[in-house]
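Structural characterization, general
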Amino acid sequence: MVNYKDLGLVNTRDMFARAIKGGYAIPAFNFNNMEQLQAIIKAAVETKSPVILQVSKGARNYANQTLLRYMAEGAVEYAKELGCAHPEIVLHLDHGDSFELCKSCIDMGFSSVMIDGSHLPYEENVALTKKVVEYAHQFDVTVEGELGVLAGVEDEVCAEHHTYTNPEEVIDFATRTGCDSLAISIGTSHGAYKFKPEQCHVDPATGRLVPPPLAFEVLDAVMEKLPGFPIVLHGSSSVPQEEVDTINRYGGKLEAAIGIPEEELRKAAKSAVCKINIDSDSRLAMTAAIRKVFAEKPAEFDPRKYLGPARDNMEKMYKHKIINVLGSDGKLAQC
Ligand SMILES: [Zn+2]
């Protein structure tokens, strides 16, 4: 049994309370490898932002849970080495799908877990989430639950249609489970293809497809039922068109990739939404940089020469999100 506090990690409780009060959101970035982790930590340190490192079930399968845990421990030391005396880094399980998986992560040093019972019948979701909360809270690990179903594909999580969160259920769910935060469905979705072109309209100024707006009325109703309760948005990549264009220019084939406009996320970040999950944008930034090197320097075969630019491009994207979208820069409790 490893306690996250011994690794220098923190849970989400205090940072969420400050984020709701301050009208900003904490970035939750997924990571699977060293370059992503370096880019996330550098961006967080340079902007003085708290940060949530997310590990999905797919990342555990890809990189190994033990290795990822030690990388998170290393990330705390790396942040200190970069000049941040008091980093606030959370190691969070994204989309835990069973009690056993959540327990295993808690036992090996995660400071926060998500139990995603959103696909289950309501009472089963309540029972499963409650069981995880009872275990996690013994070790002061925070728990994210989910109500409502997001569309899209993310690792093993997949749903064709979204079902908005029912605001009538949130008080009962939060009270009976004791969860610390709640992921809700208001129209965001997983992956780089969040909307079909026929759901969008064309912006006459740019010629780009503009997706339908998020259901802010659902968010407002949830906030009215649970004032001050931490709300989480999954599937909140913006799918930057310049990265998609770079990928396609250098041999990629991403057709009609559409994300959530940053103005909508900016608006959400000012509300009780205090954690915004971003994964696809990092994948796009990495892929765009690598494709460009491969196309322009076909003789290159030193991985550092293409993973290095990929890392720089991801760092730039993370900083942009922190400063211009979420507003979590300069929000460390102690510098
Ligand atoms: Zn998700």
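To keep things clear, this report deals only with the structure shown in the data block. (Residues numbered from 1 in each chain as written. Predicted model: local features only at pLDDT ≥ 70, side-chain atom pairs only at ≥ 80, totals over all residues.)

Every buried residue of helix H5 (residues 99–107) is accounted for by Cys102, Cys105 and Ile106. Here the buried residues of H5 occupy an arc of 100 degrees about the axis, which is enough to place them on one side. Residues of H5 that are buried sit in contact with strand S3 (89–96), strand S4 (112–115) and helix H6 (122–137). Once H5 ends, the next one or two residues include glycine 109, with phi positive near 110 degrees. (Buried ≥ 20, exposed ≤ 12 C-beta atoms within 10 Å, placed from the backbone. Helix = DSSP H or I, 4+ residues; strand = E, 2+ residues; numbered from the N terminus. Arc of directions from axis to C-beta. Contact = placed C-beta atoms within 7 Å.)

One can find isoleucine 276 in strand S13 (residues 273–278). When the C-alpha atoms of isoleucine 276 and proline 27 are compared, they prove to be 5.5 Å apart, with 249 residues separating the residues in sequence. In this structure isoleucine 276 touches Ala25, Pro27, Ala28, Leu233, Ser236, Leu265, Ala269 and Leu326, once residues within four positions along its chain are discounted.

So, about helix H4 (residues 65–81). Note on helix geometry: an α-helix contains 3.6 residues per turn, so any two residues three or four positions apart are oriented the same way. Under the 1.5 Å per step criterion, the end-to-end length of H4 is 24 Å for 17 residues, consistent within 8% with the ideal 24 Å. All of the buried residues in H4 are Leu68, Arg69, Met71, Ala72, Ala75 and Ala79. Taken around the axis of H4, the buried residues stretch over an arc of 160 degrees, which confines them to a single face. Facing away from the buried side of H4 by over 90 degrees, the exposed positions are Thr66, Leu67 and Glu81. Looking at the buried side of H4, the elements it contacts are helix H2 (34–47), strand S2 (51–56), helix H3 (57–63) and S3. Where H4 terminates, the next one or two residues include glycine 83, which has phi positive at roughly 110 degrees. (Expected span 1.5 Å × (residues − 1).)

With that settled, consider the environment of glutamate 123. Inspection of the secondary structure assignment puts glutamate 123 in helix H6. Assessed through the 9 C-beta atoms surrounding it within 10 Å, glutamate 123 is described here as exposed. Taking the C-alpha atoms as reference points, glutamate 123 and phenylalanine 294, 171 residues apart in sequence, are found 51 Å from one another.

Once that is clear, we can look at the packing of helix H9 (residues 241–249) against helix H11 (residues 280–296). Viewed as axis vectors pointing N to C, H9 and H11 meet at an angle of 35 degrees, and their least axial separation amounts to 8 Å. Where H9 crosses over H11, the two elements pack in a sense that is left-handed. For the pair H9 and H11, contact is made by Glu243, Val244, Thr246 and Ile247 and by Leu284, Ala285, Thr287, Ala288, Arg291 and Lys292, respectively. (Axes fitted to C-alpha atoms, helices over the stretch in contact; angles between N-to-C directions. Left-handed = near helix turned anticlockwise from the far one by under 90°.)

Around the barrel, which closes on itself, the 8 strands sit in the order S1-S2-S3-S4-S5-S8-S12-S13 with parallel pairing between neighbours. Each neighbouring strand pair of the sheet contributes to a mean axis angle of 25 degrees, computed without reference to strand direction. Note: strand S12 (residues 231–233) against S13, 3 bridges, orientation parallel. Its bridge partner being in S13, valine 232 is matched across the sheet by lysine 275. Along the sheet face, H6 touches S4 and strand S5 (142–147) and points at about 165 degrees away from the line of S4. (Pairing = 2+ DSSP bridges.)

Neither face of S4 is left uncovered, since the one carrying Ser112 and Met114 and the one carrying Val113 and Ile115 both have all their residues buried. With 3 bridges joining them, S3 and S4 adopt parallel strand pairing. Bridged to leucine 93 within S4 is valine 113. Each parallel crossover has a hand, and for S3 linked through H5 to S4 it is right-handed. In this view, the connection linking S4 to its parallel neighbour S5 by way of H6 has right-handed handedness. (Right-handed = clockwise from strand over helix to strand, strands pointing away.)

The interhelical angle for the contact between H2 and helix H12 (residues 303–326), taken along N-to-C directions, is 40 degrees, at an axis separation of 8 Å. The orientation of H2 with respect to H12, classified from their angle, is oblique. In this structure, H2 crosses over H12, and the sense of that crossing is right-handed. Contact with H2, carried on its side by Glu35, Gln36, Gln38, Ala39, Ile40, Lys42, Ala43, Glu46 and Thr47, involves Leu307, Ala310, Arg311, Met314, Glu315, Tyr318, Lys319, Ile322 and Ile323 of H12 and no other residues of that element. For the contact of H2 with H12, the per-class residue count stands at 9 nonpolar, 3 polar and 6 charged. (Parallel < 35°, antiparallel > 145°, perpendicular 65-115°, else oblique. Nonpolar A, V, L, I, M, F, W, Y, C, P; charged D, E, K, R; others polar.)

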